[in-house]
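Structure assessment
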Amino acid sequence: MPGTTLRTLRHRWPTFAGSFVALSLGVALIAAMGLALASSQDAPARGPERFAAAPVVVKGQDTLTVPTSPDGRTRTHELAQPRPVPDALVTKLRRLGTVVQDRSYAVRAERGPADLVGHPWSTAAFAPYELDAGRAPRAADEVVVSGDWARPGTRLRTGDGTVRVVGTVAGLGFENALFHTDARAAQLAPRSLQLVVDADPAAVRKTLRGSGSGSGSGSGSDSDRGGSGVQVLTGDARRHADADPDRDSEALTAMNAMFGTAGGVSGFVSVFVVASTFAFAVAQRRREFGLLRTAGATPGQIRRMVASEALVVGVLASAAGCVLGSYGAPKLAAWAVQEGLAPRWFTIGDHTWPYHAAFWTGLLVALCGALAASWRAGRTGPTEALREASVDTRPMTWGRWLTGSVLLAAAAVTLVLALVTGPGELLHRKTYVSRPMLLITAVALLAPVLVRPLARLVAWLPAQLPGAGGMLVRENAAAGVRRTAAVAAPVLVTVALAGSLLGATATLGGAKTTEIRERTSADFVVTPTGDAGDASGAGDAAARHAGFDEATLKRLRAAVPDGTDVSASSSGAVYVLEDGVALIKSGARAVEPGPFAATARLPLAAGKVSDLDDDSIIVNEEWARHTVGERVDVWLGDGTRKSLRIAAVMTTGTGDNGAYVTPRNAPAAPVDRVDVRLSAGADPAAVASGLREAVRASGGKVFTKESWVRATSPETDRTTRMGLFMVLGIALLYTGISLANTMVMATSDRIRELSVLRLAGATGWQVLRLVAGEALMVVVVGGLLGALVAGLNLVGMWGALGLLSVWTPVVIPWSTLGGILCACAVLAVVASVVPAGLALRGGALSTAGVRE
């Protein structure tokens, strides 16, 4: 048996070439991504940046800690509005040594970096920054900048007036900084959330304990328990005073999700391709297996031979894939760093377990892919050796019927259950990435049932044309169901994945845009930063101070005619403890109920916006308690606990319908949005001009309603987008390999059929056109099956959005699907016509008596 297996592999190597390439590529991807995941498990310890030279940093409360059970367990969340160090404590700390209050604020400067952040000059020494040109600032209009984008003497127009650069410091890589005098910085950012104390750390901690404040490098105590939550940071713990101390771990989490998804898709597609290739190869070798049975081979021996072939291919392909993965992993890491998907320090470490995982996974994939094929091979009877016709009389086995039906039923049942119990789950990225796999497998298994009617439908019009070409294309595809299904399968996978993933993200983005448009009834929206959306970036302390001051708000209100509704609002958050165990953070906007009701249209399920007051809150149906009039305990953005009455309840929507409170319940949240609704007869152009003039001095941008909707329409974040393209790239690569291999196998198996056509009088060009026509038709069939899968997935998402009260059209990426089909069509035509052409030119048909 081993000798027979090796001889079969040697003489039928084109049959196994596609499986070998696909499997080795899959193992290489799994190995490379396994190495990337292993190297990213733990981010290297990041030292302090802005306060690397500071003796002690004292930081106000920035986390909320809530007990959730009698045994002392707690839940912790970062506060949306951190608290400053209490003034009384600052006074005591000044007795120990010099106290320098830190401030961070966004700076908008013409010709300056987009992420420019301001600080007091006295904090520059703690990084440390050192002057390399000029001097320190002494007046309110003097600044020092980091980097080489400005030189001493340069005048800069900023949102807070024109300043003159009097000095520069070398950039340290973690920020683009601009330094004012301490007095000017205090005017621009009155709240100081942390400070540096030049004193002995033990004395500082003793002072805090004497004041009843918590200390340490972790989070402080809850305000309800009497603690102020103040932290004392020394050594490496000073990194917690940096703007975004967890950016490395967050980047690694996103990168792991991307690589994990791509690795999962690689495994799925490789199993799919290998199983399809082995099944088609077995179907082609029915007469060969019949001869072996006639010679005395038992069904078990036939099955062991097929399994042995898969074992040999699996071992060789897995070994080659591991070698390829070892070379590809460093390139993958370099690409991730270059594209900004991974931190700059990320490299591939010395790990061995990814090679073991990839090798044994590849071997298991090969054996699983050949399992069903070997079972069918063992059932081949001796009479198969006498077959002359190649018509597929029984393309669907009972196992294929059962498995396909069960998977299809499982896909339908899980979809219905999700729609009934939690439609919001269908909008999550993990769900709409994984759900298509089940339906793809089910449709692929049932494809032989669908191929024949689809092929007759697609070829109906060509069959009506003069000549026999269209009719032969239709009948050949309908007769060779297994061949047609095997060729259509890889096209089905790629079109289904592309349509489902890209269509889901586009449909979800369209739904969010619809929500934004329907919630906004204002004619103009004004933001302080010139950037639409929330001004506070994740972990960016500077952005928390971005907002309109009182003087700018007065100018904005004075710039509009009488009768115009002006609503100023702030972004923040509230926290609620659900089921006694989960501390949930919900985005919240602080609004003035009267003006807000005139400039917005909330998707209310119950209650009225006008009922909102300082003792109430507007929530959405996702909250565990969402009955109008019911009271709910919440923690405000600064950690203050309050019991608020539910004034109104919104529908769930896509998940962006957060809570609404009054400004009194959003302490320290700056105004970051002003909505303006014009009165009857007001001149829009004149109002827009007045609004622009009102924010000219402080900086800001005026949006019309439509420009606001366009600017705030959500886009897929870069990491997710790159992950989707990686997944689709892998699927398309596998499709190319499988399509080319299957077409070559199918064409080489039709030599006798082509010879009959030549004997019947067909010319060489007519034969090639027939082969090309069949290839195109099969690609169209695969595309239609893939479109069916994508359509079913998108209809499920559309239904989920409807149940969440968001009615939006389904977005289908027609251009992408068209490009994929064109690429598949070109590849299929080339992979079928070239072998047929070589057979015609090389005299391969002479055995049938054909003469050129």
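Residues numbered from 1 in each chain as written. Predicted model: local features only at pLDDT ≥ 70, side-chain atom pairs only at ≥ 80, totals over all residues. Heavy atoms only, no water.

1. A closer look at the pattern of salt bridges
Note on pairing: side chains with opposite charge can pair once their charged atoms come close. One pass over the structure, following the stated rule, counts 14 salt bridges. Among the salt bridges present, the one from Asp672 reaches Arg589, with a minimum N-O distance of 2.7 Å. Here the residue Asp672 occupies a position in strand β22 (residues 671-677), and Arg589 occupies one in strand β16 (residues 582-591), the gap between them amounting to 83 residues. The buried category is assigned to Asp672, whose relative accessible area is 4%. For Arg589, a relative accessible area of 19% corresponds to the buried category. Connected through shared salt-bridge partners, Arg135, Glu142 and Arg164 make up one network. (Salt bridge = Lys/Arg side-chain N within 4 Å of Asp/Glu carboxyl O. Helix = DSSP H or I, 4+ residues; strand = E, 2+ residues; numbered from the N terminus. Buried < 20%, exposed > 50% of the residue type's maximum accessible area, 1.4 Å probe, protein only.)

2. A closer look at the sheet that holds strand β4 (residues 99-102)
In spatial order, the strands read β4-β12-β1-β13; together these four strands make up an open sheet with antiparallel pairing. Here the strands that pair on one side only, and so sit at the sheet edges, are β4 and β13 (231-233). Taking the axes of each pair of neighbouring strands and ignoring which way they run, one obtains an average angle of 25° across the sheet. Looking at chain direction, strand β1 (residues 56-59) and strand β12 (residues 194-197) are connected through four bridges and run antiparallel. Bridge pairing in β12 links Lys59 to Gln194. This element, helix α3 (residues 87-94), spans β1, β4 and β12 of the sheet and lies at about 145° to β4. (Pairing = 2+ DSSP bridges. Axes fitted to C-alpha atoms, helices over the stretch in contact; angles between N-to-C directions. Contact = heavy atoms within 4.5 Å.)

3. Re the packing of aromatic side chains
Taken as a whole, this structure holds seven aromatic pairs when the rule is applied. Where Tyr129 meets Phe174, the ring centres are 6.4 Å apart and the plane angle is 45°; that geometry is what we call tilted. A residue pair is termed long-range when its members are at least 10 positions apart, and Tyr129 in the loop between β6 (116-120) and β7 (131-134) and Phe174 in the loop between β10 (161-169) and β11 (176-180) qualify at 45 residues. Residue class for Phe174 comes out partly exposed when judged on its relative accessible area of 22%. Seen from their ring centres, Phe703 and Trp708 are 5.7 Å apart, and the 70° between their planes marks the pair as edge-to-face. Accessibility expressed as a relative area gives 5% for Phe703, which makes it buried. By way of ring pairs, the aromatic residues Trp121, Tyr129, Phe174 and Phe179 are connected into one cluster. (Phe/Tyr/Trp six-rings, centres within 6.5 Å; stacked < 30°, edge-to-face > 60°.)

4. Digging into the packing of helix α10 (residues 398-421) against helix α11 (residues 429-445)
Contact pair α10 / α11: the axes reach a minimum separation of 8 Å and the direction vectors enclose 150°. The angle between α10 and α11 places the two elements in the roughly antiparallel class. The handedness of the crossing between α10 and α11 comes out as left-handed. Here α10 contributes Arg400, Thr403, Gly404, Leu407, Leu408, Ala410, Ala411, Thr414 and Leu415 to the contact with α11, which in turn contributes Arg435, Leu438, Leu439, Thr441, Ala442, Ala444 and Leu445. Split by residue class, the contact of α10 with α11 holds 10 nonpolar, four polar and two charged. (Parallel < 35°, antiparallel > 145°, perpendicular 65-115°, else oblique. Left-handed = near helix turned anticlockwise from the far one by under 90°. Nonpolar A, V, L, I, M, F, W, Y, C, P; charged D, E, K, R; others polar.)

5. Considerations on the environment of Val778
Within the secondary structure, Val778 is located in helix α22 (residues 764-803). Sequence separation between Val778 and Val491 is 287 residues; the distance between their C-alpha atoms is 9.1 Å. Discounting chain neighbours no more than four positions away, the residues touching Val778 are Thr484, Val487 and Ala488.

6. A short note on the packing of α11 against α22
At a minimum axis separation of 10 Å, α11 and α22 run at an interaxial angle of 140°. On the basis of the axis angle, α11 is oblique to α22. α11 and α22 meet at a crossing whose hand is right-handed. Residue-level inspection shows Tyr432, Arg435, Pro436, Leu439, Ile440 and Val443 of α11 in contact with α22, the latter providing Leu785, Val789, Leu792, Asn793 and Met797. Residue composition of the contact of α11 with α22, grouped by class: nine nonpolar, one polar and one charged.

7. Focus on unusual backbone geometry
Residues Ala127 and Pro128 are joined by a peptide bond in cis, for which omega reads 0°. For Pro128, the position within the fold is in the loop between β6 and β7. Although it is not a glycine, Ser805 sits at a positive phi angle of roughly 70°. Mapped onto the elements, Ser805 comes out in the loop between α22 and α23 (814-841).

8. A word on the side chain of Asn793
Examined against the element boundaries, Asn793 turns out to sit in helix α22. Separated by 3.4 Å, the side chains of Asn793 and Ser500 make a polar contact. (Polar contact = N/O pair within 3.5 Å; in protein donor to acceptor, adjacent residues only side chain to side chain.)

9. Some details on the nonpolar core
If you look at the biggest cluster of nonpolar residues, it comprises 80 residues, and the most contacted ones within it are Met33, Phe259, Leu497 and Met726. Here this core gets 15 residues from one element, more than from any other, and that element is helix α15 (residues 481-519). The contacts of Phe259, once residues within four sequence positions are left out, are Met33, Ala36, Leu37, Leu332, Ala336 and Met726. Counting residues in hydrophobic clusters, the runner-up holds 19 residues, among them Phe524, Val526, Val687 and Val695. (Core = buried A, V, L, I, M, F, W, Y, C linked by side-chain atoms within 4.5 Å.)

10. Concerning the pairing of strand β18 (residues 616-620)
Here β18 lies mainly inside the structure; five of its five residues are buried. Judged by which residues are buried, β18 turns out to be covered on both faces: Ser616, Ile618 and Asn620 on one side and Ile617 and Val619 on the other are all buried. In this structure, β18 lies alongside strand β20 (residues 641-650), joined through five bridges in parallel fashion. Its bridge partner lying in β20, Asn620 is registered against Met650.

11. Notes on a nonpolar patch on the surface
A cluster of nonpolar side chains, contributed by Val795, Trp798, Trp807, Val810, Ile812 and Trp814, occupies part of the molecular surface with about 650 Å² of accessible area. Take Trp807: it is sitting in the loop between α22 and α23. (Patch = residues over 30% accessible without salt bridge, like charges linked within 9 Å, V, L, I, M, F, W, Y side chains within 5 Å. Areas by Shrake-Rupley, 256 points an atom, 1.4 Å probe, with all protein chains shown as cover.)

12. Some details on the confidence of the model for the chain
Residue-level pLDDT values for the chain average 80, and 82% of them are 70 or greater. Highest mean pLDDT in the chain belongs to strand β8 (residues 142-146) (95); lowest belongs to helix α1 (residues 2-11) (60). Across residues 214-227, confidence stays below pLDDT 50; counting only partners more than four residues off in sequence or on other chains, it has 39 contacts. Scored below 50 in pLDDT, residues 532-545 shows 34 contacts in the model against residues more than four places distant or in partner chains. (pLDDT = per-residue confidence, 0-100.)

13. Things to note about the environment of Leu79
Here Leu79 shows up in the loop between β3 (74-78) and α3. According to the relative accessible area criterion, Leu79 is buried, its value standing at 1%. Counting along the chain gives 494 residues from Leu79 to Ala573, while the straight-line C-alpha distance between them is 8.1 Å. Discounting chain neighbours no more than four positions away, the residues touching Leu79 are Gln61, Asp62, Thr63, Leu64, Tyr575, Leu636, Gly637, Asp638 and Gly639.

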